[in-house]
Amino acid sequence: MTDWLLVLAGGLVGAPLRYLLGVDAKFRLHSVFPWGTFAANAGAALVLGFVAEGATDGDLGNRLNLLLATGFCGALSTWSTFSYELLTLNSARRLGLAASYLLATVTAGVGLSFAGAAVARAVF
Amino acid sequence: MAQKMRLHRHSHPDHHPGVQLPVVVAVAVGGAAGACARYAAERLWPTGTFAFPWTILLINAVGCFLMGILMVTLKLRFPGAPRLISPLLGTGVLGGFTSFSHYTDNVRQLFDNHQPGYAVSYLVLTVAAALAAVTAGAFAAHFAFGRSYAAQGEAS
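Treat the numbers as computed from the prediction; the structure is a model and nothing was measured.

**Q** Any chance you could explain the environment of A:Thr105 here in plain terms?
**A** Counting through the fold element by element, A:Thr105 comes out in helix α5 (residues 95-123). It is 10 Å that separates the C-alpha atoms of A:Thr105 and A:Ala45, two residues lying 60 residues apart in sequence. Once residues within four sequence positions are removed from consideration, A:Thr105 is found in contact with A:Phe38, A:Asn41, A:Phe82 and B:Phe100.

Written out as structure tokens, the structure is:
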């Protein structure tokens, strides 16, 4: 039961944070590039790399993983909105922008995941 | 952030989309439900650290497919739907169900576990599956509501 509540709590915070990042980026930058989703995905990749590598010990580690990794990072990051944004850019004949967006997100995400894990290894 | 947004709204009253609390709540509730659904799938079909992460791959593909259906259906069939439906189901449920960070962390762990073949194929296969799924979903909804797919030419 506690497990589900931890995932639920993480999701309750992660998803609206992604939404707010999107709104904020849209009116701050006025860009076609979806900076909000990009920031949410990149940030979640960094945090999840850190948590997955750092919170490995016993019961506390398990709970931190459910709250922060499965719940918070999982809901903060997204593939569905990301893919729909790519489809929208493609439909608007912004294929170059779509390709850059895809490449930038995947590269930054994988890179930051390694970075987060490296920081966790250095700290713990 | 709220403080900055308030200041910004005063300086650019025409451009600010506004942060509406009901929308934030809808996204939060949907996101929590989506995250729990993903957790349920991970418990039902666990993949070990050294195995190919099929569960997360399928979660992401299914979420992209449903997002394609949802967004096009709302646009073509229910343009007058309550304004909280899209934030609740799209940004919330499907956004919370799919996870980009789990994807990147799976890639990292496969590399760290000396399985570069798995890592690269998972990396590429997820991108291909997500793009194919969202396109198929959007196409299916266009087909179902009798509009040609090519008619969707505008950016949102």
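**Q** Explain the pattern of salt bridges to me, please; I cannot follow it from the model alone.
**A** One side chain can pair with another of opposite charge once the charged atoms of both are near each other. Applying the stated criterion across every chain yields a total of 7 salt bridges over all chains. In this structure, A:Arg63 engages A:Asp59 in a salt bridge whose closest nitrogen and oxygen atoms are separated by 3.9 Å. Here A:Arg63 and its partner A:Asp59 are both found in helix α3 (residues 58-76), 4 residues apart, which amounts to about one turn of the helix. Classification of A:Arg63 as partly exposed rests on a relative accessible area of 39%. With a relative accessible area of 51%, A:Asp59 lands in the exposed category. In this structure, B:Arg108 engages B:Asp105 in a salt bridge whose closest nitrogen and oxygen atoms are separated by 3.0 Å. With B:Arg108 and B:Asp105 both in helix α5 (residues 100-112), this residue pair falls 3 residues apart, about one helical turn. Taken individually, B:Arg108 and B:Asp105 each receive the classification buried, so the pair is uniform in this respect. Overlapping salt bridges bring together A:Glu53, A:Arg121, B:Asp105, B:Arg108 and B:Asp112 as one network.

**Q** Which parts of the structure should I look at to understand the packing of aromatic side chains?
**A** Between two aromatic rings, the relevant description is the distance of the centres plus the angle of the planes. Evaluation of the coordinates by the stated rule reveals 17 aromatic pairs over all chains. Seen in terms of ring centroids, A:Phe50 and A:Phe124 are 5.8 Å apart; in terms of plane orientation they differ by 45 degrees. Their pairing is tilted. With a gap of 74 residues between them, A:Phe50 in helix α2 (residues 35-54) and A:Phe124 in the segment after α5 connect regions that are remote in the sequence. For A:Phe50, a relative accessible area of 30% gives the class partly exposed. Summarising the aromatic geometry, the rings of A:Phe82 and B:Phe100 are spaced 5.7 Å apart at their centres and angled 80 degrees between planes, so their arrangement reads as edge-to-face. Of this pair, A:Phe82 sits in helix α4 (residues 80-91) while B:Phe100 sits in helix α5, which puts the two residues in different chains. An identical accessibility class is assigned to A:Phe82 and B:Phe100; each is buried. For the cation-ring pair, B:Arg77 lies above B:Phe78, with the distance from its terminal atom to the ring centre recorded as 4.9 Å.

**Q** Before we go on, may I ask you to explain the interface of chain B and chain A in this structure?
**A** Many descriptions give the size of an interface as the accessible area lost when the pieces come together. Contacts between chain B and chain A engage 62 residues on the former and 52 residues on the latter. Counting each side, the surface lost to burial between chain B and chain A is near 4,500 Å², with a carbon and sulfur contribution of 73%. Applying the counting rule to chain B against chain A returns 2 salt bridges. B:Arg108 is the salt-bridge partner of A:Glu53, the closest N and O atoms lying 3.0 Å from each other. Residue assignment for the side of chain B that touches chain A shows that the elements contributing at least two residues are α1 (2-11), α2 (21-44), α3 (54-76), α4 (85-97), α5 and α6 (116-144) of chain B. At 14 residues, α2(B) tops the list of elements feeding residues into the side of chain B that touches chain A. A per-class count over the side of chain B that touches chain A returns 31 nonpolar, 23 polar and 8 charged.

How each quantity is defined
- Residues numbered from 1 in each chain as written.
- Chains lettered and ligands numbered in written order.
- Predicted model: local features only at pLDDT ≥ 70, side-chain atom pairs only at ≥ 80, totals over all residues.
- Heavy atoms only, no water.
- Helix = DSSP H or I, 4+ residues; strand = E, 2+ residues; numbered from the N terminus.
- Contact = heavy atoms within 4.5 Å.
- Salt bridge = Lys/Arg side-chain N within 4 Å of Asp/Glu carboxyl O.
- Buried < 20%, exposed > 50% of the residue type's maximum accessible area, 1.4 Å probe, protein only.
- Phe/Tyr/Trp six-rings, centres within 6.5 Å; stacked < 30°, edge-to-face > 60°.
- Lys NZ or Arg CZ within 6 Å of the ring centre and 35° of its normal.
- Buried area = accessible area lost by both parts, 1.4 Å probe.
- Nonpolar A, V, L, I, M, F, W, Y, C, P; charged D, E, K, R; others polar.

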